[in-house]
Protein chains: 2
Amino acid sequence: MRRLKHTKQFPAADHDHKTCITHALQEAEAYCKQQGLRLTELRRRVLELIWANHQPVGAYDLLEQLTREGRKAAPPTIYRSLDFLMQSSLIHRITSLNAYVGCNHPGLDHAAQFFICEDCGQAAEMDDAKIESAIAKDAKRLGFTVEKRTIEVAGICAHCKHHSKT
Amino acid sequence: MRRLKHTKQFPAADHDHKTCITHALQEAEAYCKQQGLRLTELRRRVLELIWANHQPVGAYDLLEQLTREGRKAAPPTIYRSLDFLMQSSLIHRITSLNAYVGCNHPGLDHAAQFFICEDCGQAAEMDDAKIESAIAKDAKRLGFTVEKRTIEVAGICAHCKHHSKT
DNA sequence: AATGTTACGTTATATTATAACAACATCCCA
DNA sequence: TGGGATGTTGTTATAATATAACGTAACATT
Ligand SMILES: [Zn+2]
Ligand SMILES: [Zn+2]
Ligand SMILES: [Zn+2]
Ligand SMILES: [Zn+2]
């Protein structure tokens, strides 16, 4: 498990999201090429749709978008792409929402904690060593071998808090 | 948010589970009486079925058991009982499993982290102050107001580890 | 008893995800 | 270059989880 140098911020309301998208796709291309993974047209497009914003998106939403684009798509189409993207660590599944969101550091086997705004729907991916070590410590005490962590915190982000004083 | 004095252990393989059940039901009765909540026959039975063991159980499993007992039950029947029990903090929902498990300290508004064995299916409820404070600290840094936490760690428990050397 | 409220029954449907198999594309080596 | 192995996508059907909507029954309060 590699540890990232920095935890992330919540996506700012006014950030230049186009660079998020292009950056994510470039990273994905490079990573897949390097690993011999096949980022097909379909998978690339699904990843692009997921990166349309920082809000986790449902499988059937993605499916509908593909259909509108004229592609013949049924549920397995999208779920297979999602499986590939998850296995390649290009996206994460947000269990509490049954939704999928782009990963900030693709290909890296990293822990991830998510802060998800219940108002604007945006999700911020964190990598907090303190949380990880606390879990590891509990696991050690229990004699428990950790396989998967699901750490998702729902609430209201700073931006929405300041703009809900109606 | 009250903090519990002790974190729990994984349910031991040979513990006297009958006392777990009777204790849980007694606590539930007392708590509901005190709070003026109506622990009806149905709700009580659902809670009892959930406490049959320490393995989170799915809504449709519970539904099937109710049906076998001769009760007229459709999905809303069970989901309404589950909602009541969750709102009363008598059970927790395990998001990563779509399943429900009895709560160790009913009625208390407490944080909860779950360690879930992928082999035997048992779940252990924790209340680790370090995890909580780490999350609170991140939230503060983000200006994020925490509403709900979903912290679920899947893996292999000590007991299953020792017995899987086949 | 009349009334308001809560809980439950019932039917239908929404939402999320997978099974199974066929068709097609890509890769690798003989 | 051909031809089988492997991987990807299309297609149909269905599983698994959850909720909407509405009526009826039980309970509580007066
Ligand atoms: Zn962005
Ligand atoms: Zn927000
Ligand atoms: Zn027990
Ligand atoms: Zn186990």
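It should be noted that the structure appears before, not after, this text.
What counts and how
Residues numbered from 1 in each chain as written. Chains lettered and ligands numbered in written order. Predicted model: local features only at pLDDT ≥ 70, side-chain atom pairs only at ≥ 80, totals over all residues. Heavy atoms only, no water. Phe/Tyr/Trp six-rings, centres within 6.5 Å; stacked < 30°, edge-to-face > 60°. Helix = DSSP H or I, 4+ residues; strand = E, 2+ residues; numbered from the N terminus. Buried < 20%, exposed > 50% of the residue type's maximum accessible area, 1.4 Å probe, protein only. Lys NZ or Arg CZ within 6 Å of the ring centre and 35° of its normal. Donors = N, O, S within 2.8 Å, 3.2 Å for Na, K, Ca; no water. Tetrahedral: all angles 85-135°; square planar, octahedral: opposite > 155°, others 65-115°. Near = heavy atom within 4 Å. Polar contact = N/O pair within 3.5 Å; in protein donor to acceptor, adjacent residues only side chain to side chain.

A. Region of the structure containing the packing of aromatic side chains. A full pass over the atoms with the stated rule returns six aromatic pairs over all chains. Between phenylalanine 115 of chain A and phenylalanine 144 of chain B, the aromatic rings sit 5.4 Å apart at their centres with planes inclined by 90°, giving edge-to-face as the arrangement. One end of the pair, phenylalanine 115 of chain A, is in strand β3 (residues 113-117); the other, phenylalanine 144 of chain B, is in the loop between α5 (129-142) and β5 (145-156), on a second chain. This pair shows no difference in class: phenylalanine 115 of chain A is buried, exactly as phenylalanine 144 of chain B is. Connected via pairs of aromatic rings, a cluster forms that spans Phe10 and Phe115 of chain A together with Phe144 of chain B. The residue whose ring lies beneath arginine 43 of chain A is phenylalanine 84 of chain A, and the NZ or CZ to ring-centre distance is 3.9 Å.

B. Representation of the coordination of the zinc ion (ligand 3). The zinc ion (ligand 3) binds to the protein through His15 of chain B (NE2), His17 of chain B (ND1), Cys20 of chain B (SG) and His54 of chain B (NE2); the donor distances cover 1.9 to 2.3 Å. Of note is the zinc ion (ligand 3), whose four donor atoms meet at the metal with angles of 106 to 114° in an arrangement that counts as tetrahedral.

C. The protein's contact with DNA strand C, seen in detail. In the neighbourhood of DNA strand C, 19 residues make up the surrounding shell, with Tyr60, Tyr79 and Arg93 of chain A together with Thr40 and Arg80 of chain B lying closest. Sugar and phosphate atoms represent 51% of those atoms of DNA strand C found within 4 Å of the protein. The separation between a phosphate oxygen of DNA strand C and a polar side-chain atom of tyrosine 79 of chain A is 3.0 Å. Here a phosphate oxygen of DNA strand C sits 2.6 Å away from a polar atom, N or O, in the side chain of threonine 40 of chain B. Sorting the residues of the surface near DNA strand C by element identifies α4 (75-87) of chain A together with α2 (41-50) and α4 (75-87) of chain B as the ones contributing at least two each.

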